[in-house]
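Topology and contacts: notes
The lines below spell out each chain.
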Amino acid sequence: MTKPATILAQSGRPDRVQGSPVNPPIVLSSTYRNSGTEPGNIYARWDTETWNPFEQTLAALEGADFPALVHSSGMAAITTALHAARPGRIVAPRHSYHASLVVAREMAEREGGEVVTVDIANTDEVVSALPGASAVLLESPTNPMLELADIPTIADAAHEAGTLVIVDNTFATPLGQQPLSMGADIVVHSATKYLAGHSDVILGAALAATEELHQTMWDYRTHTGSVAGPFETWLALRGMRTLSLRFERITANAAELARRLADHPLVEAVAHPSLPDHPNHERAPRGCGVLTLRPKGGREAADRLVEATSLWLPATSLGGVESSLERRRRFADEAETVPEDLLRLSCGIEDIEDLWEDLDRALGVAVR
Ligand SMILES: Cc1ncc(COP(=O)(O)O)c(C=O)c1O
């Protein structure tokens, strides 16, 4: 089987005929010459050729039988995925990306259902919430607490209960884990993050395990119009070409920083799936670019730390080539079980010693 790095470099390119370009062209056209007598593109909300190379490449990476469905954002893809479930109760990690919970609640409550939040690392708790649920939305690692789920066990129990399994694979990327092979029915991505990888695009994608789910999501995307622009999709594919190099460097940086921070005298707590004291270390994906840090001195010290860094960019989002950090509880709708002083660090591809020096110096300024 073709390896991920090769798929990333080679997939989605034009046929190798004399004079053909190496990259797919960006087609800017809302409609197509189509008299209805022969197959072919009709209207760009339905399908447009600039999506196809991205959609095929991501499907190959995720081991999916059907092309990915590119969306205007990760949230648009999550909305589509949730819509593919029958109305009812949705089970989700208490530390899901907060907008996913907002959308799930709105959707479930409108239909007379509810969202039940669980500790996704506690498999017994998740499994006992499944009977009668229409969908379980998994994040592993969770955003921002980096809890790890036992995806195969939860997926088996969900299927027995008739519950749709949706996995948000944004943090792990398909290089870290392939949820369809672990039992997921649908995989979603904020391609804004590691896939596109350069903090210059908002984009999402959803992938299905079955043709029926693929068609349901294709219909929803098409009818609601949560479609991506050709330029954004092209940029995401361009960024994705280097995903394997970026992800390798980013996750090596994150693991090494976590290891050093764990021994830092001014640090209260550090979490990263690679650390031996992570409670579900054995469920870790092959790499994670995010780590969390709680400095000594509480919320004030955390705020000072964000201000004191010079390389680390104070910014939300993650998955870019540049390192960034933020205190998650600055957002009013972040879960109250996320500690006030928790900083989420998104590691970039910079030199590890420069990143370390900046953090170490900023800790010295922030912790009084
Ligand atoms: C895990 C996760 N899922 C989904 C999203 C939403 O993605 P987007 O901002 O592309 O809509 C985010 C955004 O931060 C995220 O972190």
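Quantities reported herein were computed from a predicted structural model and do not represent experimental measurements.

The strand order across the open sheet formed by 7 strands is β1-β7-β6-β5-β4-β2-β3, and the pairing between neighbours is mixed. Each of the sheet's edge strands pairs with one partner strand only, and the pair in question is β1 (69–71) and β3 (115–118). Along the sheet, successive strands turn relative to each other by an average axial angle of 20 degrees, direction set aside. Here strand β5 (residues 164–168) runs beside strand β6 (residues 186–190); their pairing, made up of 3 bridges, is parallel. From the neighbouring strand, I166 faces β6, where its bridge partner is I186. Sheet strands in contact with helix α4 (residues 98–110) are β2 (89–93), β3 and β4 (133–139), and its direction is about 145 degrees off that of β3. Together, β1, β5, β6 and β7 (204–208) form the strand contacts of helix α8 (residues 211–224), whose direction differs from that of β1 by roughly 30 degrees.

Our focus in this paragraph is the packing of helix α3 (residues 74–83) against α4. Relative orientation of the contacting elements α3 and α4 amounts to 35 degrees, with a least axis distance of 10 Å. Note that α3 runs across α4; the crossing there is right-handed. Across the interface between the two elements, M75, I78, T79, L82 and H83 from α3 touch A99, S100, V103, A104 and M107 from α4. A class-by-class count of the residues in the contact of α3 with α4 yields 7 nonpolar, 3 polar and no charged.

On to the site of the ligand, then. Within the structure, the ligand sits among 13 residues, and M75, D168, S190, T192 and K193 are positioned closest to it. Within the side chain of N143, one N or O atom sits 2.9 Å away from an oxygen atom of the ligand. In isolation the ligand offers 390 Å² of accessible surface; the protein chains occlude 92% of this area. Using a 2 Å cut-off from the grid points, one finds that the ligand occupies the largest pocket. At 3 residues, the largest contribution of residues to the shell around the ligand is made by α3.

Below, the discussion takes up the side chain of R260. Inspection of the secondary structure puts R260 in helix α10 (residues 243–261). For R260, the side chain forms a polar contact with the side chain of E353, separated by 2.9 Å. With sequence-adjacent residues up to four places away left out, R260 is seen in contact with I352, E353 and W356.

The UniProt record marks K193 with the feature "modified residue: N6-(pyridoxal phosphate)lysine" (unreviewed entry), using the residue numbering of this structure. Within the fold, K193 resides in the loop between β6 and β7. Residues within four places of K193 in sequence aside, it is in contact with T170, S317, L318 and G319.

Time to look at the pattern of salt bridges. Side chains that differ in sign of charge can pair as their charged atoms come close. Evaluation of the coordinates by the stated rule reveals 17 salt bridges. Ionic pairing is found between R299 and E340, a salt bridge with its closest N-O pair at 3.7 Å. Of the two residues, R299 sits in helix α11 (residues 298–308) while E340 sits in the loop between β11 (324–327) and β12 (343–346), which places them 41 residues apart along the sequence. The exposure class of R299 is partly exposed, given its relative accessible area of 39%. E340 is the salt-bridge partner of R327, the closest N and O atoms lying 2.9 Å from each other. Remark: E340 occurs in the loop between β11 and β12 and R327 occurs in strand β11; sequence separation between them is 13 residues. Since its relative accessible area comes to 31%, E340 is described here as partly exposed. A single network of salt bridges, built from pairs that share partners, joins R299, D303, R327, R329 and E340.

A few words now on the domain arrangement of the chain. Per the domain assignment, the segments of the chain are domain 1 (4–240) and domain 2 (243–366). Taking only C-alpha atoms into account, the centre of domain 1 sits 26 Å from that of domain 2. On the side of domain 2, 36 residues touch domain 1, which itself brings 36 residues to the contact. Summing both partners gives a buried area of about 2,900 Å² for domain 1 against domain 2, and 61% of it is carried by carbon and sulfur. Three residues, L146, L148 and Y194, lead the burial of domain 1 against domain 2; their summed loss comes to 25% of the area buried on that side. Summed over the shared surface of domain 1 and domain 2, the result is 0 salt bridges. Scanning the region where domain 1 abuts domain 2 turns up 15 residue pairs in polar contact (both at pLDDT 80 or more). Contributing elements (two or more residues each) for the side of domain 1 that touches domain 2: α1 (4–10), α4, α7 (173–176) and α9 (230–240). When its residues are assigned to classes, the side of domain 1 that touches domain 2 shows 20 nonpolar, 12 polar and 4 charged.

The rules behind the values
Residues numbered from 1 in each chain as written. Predicted model: local features only at pLDDT ≥ 70, side-chain atom pairs only at ≥ 80, totals over all residues. Heavy atoms only, no water. Pairing = 2+ DSSP bridges. Helix = DSSP H or I, 4+ residues; strand = E, 2+ residues; numbered from the N terminus. Axes fitted to C-alpha atoms, helices over the stretch in contact; angles between N-to-C directions. Contact = heavy atoms within 4.5 Å. Left-handed = near helix turned anticlockwise from the far one by under 90°. Nonpolar A, V, L, I, M, F, W, Y, C, P; charged D, E, K, R; others polar. Near = heavy atom within 4 Å. Polar contact = N/O pair within 3.5 Å; in protein donor to acceptor, adjacent residues only side chain to side chain. Areas by Shrake-Rupley, 256 points an atom, 1.4 Å probe, with all protein chains shown as cover. 1 Å grid on protein atoms, 1.4 Å probe; cavity = no way out; pocket = protein on both sides within 12 Å on 5 of 7 lines; lining within 4 Å. Sits in = over half its atoms within 2 Å of the grid points. UniProt positions renumbered as here; feature names shortened; annotations may be inferred. Salt bridge = Lys/Arg side-chain N within 4 Å of Asp/Glu carboxyl O. Buried < 20%, exposed > 50% of the residue type's maximum accessible area, 1.4 Å probe, protein only. Domains from an automatic or database assignment. Buried area = accessible area lost by both parts, 1.4 Å probe.

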